[in-house]
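If you want the building blocks of each chain, they are given just below.
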Amino acid sequence: VQLQASGGGLVQAGGSLRVSCAASGRRFDSYAVGWFRQAPGKDREIVAAITWSGDSRYYVDSVKGRFAISRDNAKNTVYLQMNSLKPEDTATYYCEAREHPYYNTANPSYGMKYWGKGTLVTVSS
């Protein structure tokens, strides 16, 4: 499965942005999906994850209450709604999928192997 993130851009601090992850090649409605980000000079980190049905979600502490992950399996797409953005949210965001309906609750990034080109989000102060 090929994944393509889109929707990034430049936004002022406090603003909102929604990025999308579209899958092609095969349906991924039975896969758990995660959103990751990597800022220049920093390690990649998982930001959020969602199960195949959307019944469970994970968020890293730094985005809890500000970001929301969702999915529309009919459209083969996963979204990340980002509100109250901060300059430290600046990074390239990309999505990954795990060939399993659920993410690993102890390590949500575990097994995420399908990934694609990311989208740059820049938050100005």
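Small disclaimer: the values here were computed from a predicted structure and weren't measured. (Residues numbered from 1 in each chain as written. Predicted model: local features only at pLDDT ≥ 70, side-chain atom pairs only at ≥ 80, totals over all residues. Heavy atoms only, no water.)

Asks: Tell me what's going on with the layout of surface pockets, and back it up with residues and numbers.
Replies: The calculated volume of the largest pocket comes to roughly 170 Å³. As for the largest pocket, its lining consists of 13 residues, and the residues nearest its centre are Arg 37, Ala 39, Lys 42, Glu 45 and Glu 88. In terms of residue class, the lining of the largest pocket is made up of two nonpolar, three polar and eight charged. (1 Å grid on protein atoms, 1.4 Å probe; cavity = no way out; pocket = protein on both sides within 12 Å on 5 of 7 lines; lining within 4 Å. Points joined across faces, edges and corners; volume = space filled by probe spheres on them. Nonpolar A, V, L, I, M, F, W, Y, C, P; charged D, E, K, R; others polar.)

Asks: Explain the pattern of salt bridges to me, using residue names and the numbers behind them.
Replies: Tallied over the full model, the rule gives eight salt bridges. Taking the shortest distance from any N to any O, the salt bridge between Glu 96 and Arg 44 comes out at 3.0 Å. Here the residue Glu 96 occupies a position in strand 9 (residues 91–98), and Arg 44 occupies one in the loop between strand 4 (32–38) and strand 5 (45–50), the gap between them amounting to 52 residues. With a relative accessible area of 4%, Glu 96 lands in the buried category. A salt bridge links Asp 89 to Arg 66; its shortest N-O distance comes to 2.8 Å. Placement of the pair is Asp 89 in the loop between strand 8 (77–82) and strand 9 and Arg 66 in the loop between strand 6 (57–59) and strand 7 (67–72), with a sequence separation of 23 residues. Taken together, the shared-partner salt bridges in this structure form one network comprising Arg 37, Glu 45, Arg 66 and Asp 89. (Salt bridge = Lys/Arg side-chain N within 4 Å of Asp/Glu carboxyl O. Helix = DSSP H or I, 4+ residues; strand = E, 2+ residues; numbered from the N terminus. Buried < 20%, exposed > 50% of the residue type's maximum accessible area, 1.4 Å probe, protein only.)

Asks: So, the pairing of strand 3 (residues 17–24): which residues are in play, and what are the values?
Replies: By the bridge criterion, five bridges tie strand 1 (residues 2–6) to strand 3 in an arrangement that is antiparallel. Note on strand 3: the bridge partner recorded for Gln 4 is Ala 22. Across six bridges, the pairing between strand 3 and strand 8 is antiparallel. Bridging across to strand 8, Leu 17 finds its partner in Met 82. (Pairing = 2+ DSSP bridges.)

Asks: Give a detailed account of the environment of Ser 20, specifying residues and quantitative values.
Replies: Along the chain, Ser 20 falls in strand 3. What Ser 20 contacts, discounting residues up to four positions off in sequence, is Gln 4, Ala 5, Ser 6, Trp 35, Thr 77, Val 78 and Tyr 79. (Contact = heavy atoms within 4.5 Å.)

Asks: Which residues make up the side chain of Arg 71, and what values go with them?
Replies: Here Arg 71 is to be found in strand 7. Summary of buried charges: Arg 71 has no salt-bridge partner, and the nearest side chain of opposite charge, Asp 29, is 6.6 Å away. There is a polar contact of 2.9 Å between the side chain of Arg 71 and the backbone oxygen of Phe 28. Residues within four places of Arg 71 in sequence aside, it is in contact with Phe 28, Asp 29, Tyr 31, Ala 32, Val 33, Ile 50, Thr 51, Trp 52, Gly 54, Thr 77 and Val 78. (Lys, Arg positive; Asp, Glu negative; His and termini not counted. Polar contact = N/O pair within 3.5 Å; in protein donor to acceptor, adjacent residues only side chain to side chain.)

Asks: Explain the sheet that holds strand 1 to me, and be specific about the residues and the numbers.
Replies: Read from one edge to the other, the open sheet built from four strands follows the order 1-3-8-7, with strand pairing classed as antiparallel. If you trace the sheet from one side to the other, it starts and ends with strand 1 and strand 7, each paired once. Within this sheet the neighbouring strands show an average axis-to-axis angle of 15°, counted without direction. (Axes fitted to C-alpha atoms, helices over the stretch in contact; angles between N-to-C directions.)

Asks: Requested: an account of the nonpolar core, with residues and values cited.
Replies: In terms of nonpolar packing, the biggest core is built from 32 residues, with Leu 3, Phe 28, Trp 35, Leu 80, Met 82 and Tyr 93 touching the most fellow members. Secondary-structure elements contributing two or more residues to this core are strand 1, strand 3, strand 4, strand 5, strand 7, strand 8, strand 9 and strand 11 (119–124). Leaving out residues up to four positions away in the same chain, Phe 28 has contacts with Val 1, Leu 3, Cys 21, Ala 23, Val 33, Arg 71, Asn 76, Thr 77, Val 78 and Ala 97. Among the nonpolar cores identified, the runner-up in size contains seven residues, and Ala 32, Phe 36, Ile 46 and Tyr 103 belong to it. (Core = buried A, V, L, I, M, F, W, Y, C linked by side-chain atoms within 4.5 Å.)

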